[in-house]
Amino acid sequence: MAYVSSGVACSHVPVLGVASDTGNTDDDYYGPIFKGFEYSKQWIANEKPDVILLVYNDHCTAFDARIIPTFALGCAAEYAPADEGWGPRPVPVVKGHQTLSAHIAQSLILDSFDMTIVNEMEVDHGLTVPLTLMFGKPDEWPCPVVPLAVNVVQYPAPLGSRCYTLGKSIRKAIESFPENLKVCVFGTGGMSHQLQHERAGLINAEWDERFMNLLVNQPEKGSLIQPIEYLREAGSEGIELVMWYVMRGALNDTVEEMHRFYHVPASNTAVGHLILENR
Amino acid sequence: MADDKLYNDIPGTIVFDSDMAAKGFHLNQFCISLRMQANRDAYKADPEGYIDRYPMSAEQREAALNQQWNRLLELGGNIYYSSKLAAFHGINFQELAGLMTGMGSTAYREMMLNGGRSIEGNREKSEWQDN
Ligand SMILES: [Fe+2]
């Protein structure tokens, strides 16, 4: 049977993709950030997941304003890196896992999560930057990916509590898949940041730390953080953090925090990163 | 709507809700079209001719053609759409923030290196009126 072994939370700041693609990961600005992921690269090389279920959001790239799915599950054979205005990132095409995706879609819908199914989709920095941070620059990504895109761009994003319950339902889905697969779940985005208007540049390190502590140790409580608190305290784009709760819901109530990294700034954003293992 | 829009009290912030999305639909569709190289080439060749394929309001059209980044958000644009227009002009997210805050790139970058904009004094609109 398939099972969930671990979870990874990490920011997906586009400029970190640019830094990797242009070979600037050692300079004074980016060096300290990529150092924070050195442990993680080692860890995932040992962990060797068979599949990654990657929770991220599309940033008005694959989905334009015509259709805004709240939860969209990728069920394609592969996902090409998208052109977000600067040309597509020069990173490998992301391979999917169609039978697992199809199984998860069915299982979630029968468990009352009415997913949107996406059979063709390009993926933007939200999905490819976490792969870069965890794997560096391989010729091929080491394992297939099941993408789960969450709307966090048009208000309202789904509630943290709903994301947490979705994570639990995803775990049930994975555990009822007959093949023996080790699955690592990624929750991406955040941490505190605001990209827009006059309050752009907002960072709330104290809030971010509290958020991570609750996520790890008191997820039930943390999942109740309300949209207005995210918007006010973590910035209008900080609401991406609800996606970390999908990952957290897929893990045990008790987890071990293997690694934590926090750094300000990357462009406009606070970078946060956690590795959690089931206990 | 029953939603009482508590978030309208956050200073210097335009929350992209359903009302704003409805208002900004054609503007945002124009912006996202610039994700494709062929469309970037067409906009470059004939900005007014290209933008007129999108039936947006006269204010939105003017704000887009004149790169009025905050105005675009106030008229229903969203940052992830307007960032495609910014990319067309060679402006990345951090440079765009430098423009929207009125700080300019250097001062903005410096603020970020020093830990970013503090939450203190930046939670509610009333805190901005005192200055
Ligand atoms: Fe994002």
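Quick notes on the overall build of chain B
- Scanning chain B for helices and strands turns up nine helices and zero strands.
- Helices and strands appear in chain B in the N-to-C order α-α-α-α-α-α-α-α-α.
- Seen through its principal axes, chain B has C-alpha atoms that stretch 45 × 40 × 20 Å.
- For chain B, with 131 residues in total, the buried portion stands at 47%.
- The contacts in chain B between residues at least 6 apart in sequence include a share of 47% that link residues at least 24 apart.
- Summed over its atoms, the accessible surface of chain B is roughly 6,300 Å², and 48% of this surface lies on carbon and sulfur atoms.
- Distance between charge centroids for chain B: 8 Å, based on 13 positive and 18 negative side chains.

Side note on the overall build of chain A
- The number of helices and strands found in chain A is 10 helices and 10 strands.
- Taking 19 Å as the expected radius of gyration for a compact globule of 279 residues, we find that chain A reaches 17 Å, a close match to that expectation.
- Taking the principal axes of its C-alpha atoms as reference, chain A extends roughly 45 × 40 × 40 Å.
- A fraction of 81% describes how many contacts in chain A between residues 6 or more apart in sequence connect residues 24 or more apart.
- Total accessible area on chain A stands at roughly 9,800 Å², and carbon and sulfur atoms take up 50% of it.
- With 19 positive and 34 negative side-chain charges, chain A shows a separation of 6 Å between the mean positions of the two kinds.

Here's the deal with the coordination of the iron ion
Residue and element names in this part refer to chain A.
- Summarising the metal site, the iron ion is bound by the protein donors His12 (NE2), His59 (NE2) and Glu240 (OE), whose distances to it range over 1.9 to 2.1 Å.
- Taken in chain order, the donor set of the iron ion reads H-x46-H-x180-E. Taken together, the residues His59 in the loop between strand E2 (51–56) and strand E3 (71–74) and Glu240 in the loop between helix H9 (227–234) and helix H10 (242–249) connect sequence positions 181 residues apart.
- Judged by relative accessible area, which is 1%, His59 ranks as buried.
- Its relative accessible area of 3% is what places Glu240 among the buried residues.

Looking at the packing of helix H7 (residues 205–217) of chain A against H10 of chain A
Residues and elements named next belong to chain A.
- Here H7 crosses H10 at 20°, and the two axes come no closer than 10 Å. Here H10 runs roughly parallel to H7, going by the angle between their axes. Crossing of H7 over H10 shows right-handed handedness. Packed against H7, whose contacting residues are Phe211, Met212, Leu214, Leu215 and Val216, the element H10 presents Trp244, Tyr245, Met247 and Arg248 at the interface.

With respect to the domain arrangement of chain B
Residue and element names in this part refer to chain B.
- Assigned domains within chain B: domain 1 (15–91) and domain 2 (92–131).
- One C-alpha centre belongs to domain 1, the other to domain 2; they are set 23 Å apart.
- On the side of domain 2, six residues touch domain 1, which itself brings nine residues to the contact.
- Of the roughly 680 Å² buried at the junction of domain 1 and domain 2 (both faces included), carbon and sulfur atoms supply 77%.
- The tally of links between domain 1 and domain 2 comes to zero salt bridges.
- At four residues, the largest contribution of residues to the side of domain 1 that touches domain 2 is made by helix H6 (residues 79–88).
- Its residues assigned to classes, the side of domain 1 that touches domain 2 comprises six nonpolar, three polar and no charged.

Some remarks on the nonpolar core
- Core analysis: the largest hydrophobic core is formed by 65 residues, its most contacted members being Leu53, Leu148, Leu166, Phe211, Tyr230 and Trp244 of chain A.
- Cys10, Val15, Val94 and Ala149 of chain A belong to the second largest nonpolar core, which has 41 residues in total.

Overview of helix H1 (residues 14–21) of chain A
Residue and element names in this part refer to chain A.
- Considered for burial, the residues of H1 that qualify are Val15, Leu16, Gly17, Ala19 and Ser20.
- Against the buried residues of H1 lie helix H2 (31–35), helix H5 (125–135), strand E9 (255–266) and strand E10 (269–278).
- A positive phi of about 70° marks Gly23, the residue just after H1.

Concerning helix H1 (residues 18–33) of chain B
Residues and elements named next belong to chain B.
- Given a rise of 1.5 Å per residue, 16 residues ought to cover 22 Å, and the 21 Å separating the end C-alpha atoms of H1 matches this to within 8%.
- Bending of H1 peaks at approximately 65° at the position of Gly24.
- Among all positions of H1, only Met20, Ala21, Gly24, Leu27, Asn28, Gln29, Phe30, Cys31, Ile32 and Ser33 are buried.
- Turning to H1, the residues buried within the fold contact helix H2 (37–45), helix H3 (47–51), helix H4 (58–65), helix H5 (69–74) and H6.

Quick notes on the environment of Glu120 of chain A
- With respect to the helices and strands, the residue Glu120 of chain A is situated in the loop between strand E6 (116–118) and H5.
- On the accessibility criterion, Glu120 of chain A (75% relative accessible area) is exposed.

The rules we used
Residues numbered from 1 in each chain as written. Chains lettered and ligands numbered in written order. Predicted model: local features only at pLDDT ≥ 70, side-chain atom pairs only at ≥ 80, totals over all residues. Heavy atoms only, no water. Helix = DSSP H or I, 4+ residues; strand = E, 2+ residues; numbered from the N terminus. Buried < 20%, exposed > 50% of the residue type's maximum accessible area, 1.4 Å probe, protein only. Contact = heavy atoms within 4.5 Å. Areas by Shrake-Rupley, 256 points an atom, 1.4 Å probe, with all protein chains shown as cover. Lys, Arg positive; Asp, Glu negative; His and termini not counted. Charge placed at Lys NZ, Arg CZ, Asp CG, Glu CD. Rg over C-alpha atoms; globule rule 2.2 N^0.38 Å. Donors = N, O, S within 2.8 Å, 3.2 Å for Na, K, Ca; no water. Axes fitted to C-alpha atoms, helices over the stretch in contact; angles between N-to-C directions. Parallel < 35°, antiparallel > 145°, perpendicular 65-115°, else oblique. Left-handed = near helix turned anticlockwise from the far one by under 90°. Domains from an automatic or database assignment. Buried area = accessible area lost by both parts, 1.4 Å probe. Salt bridge = Lys/Arg side-chain N within 4 Å of Asp/Glu carboxyl O. Nonpolar A, V, L, I, M, F, W, Y, C, P; charged D, E, K, R; others polar. Core = buried A, V, L, I, M, F, W, Y, C linked by side-chain atoms within 4.5 Å. Expected span 1.5 Å × (residues − 1). Bend = angle between axes of the 7 residues up to and from the residue.

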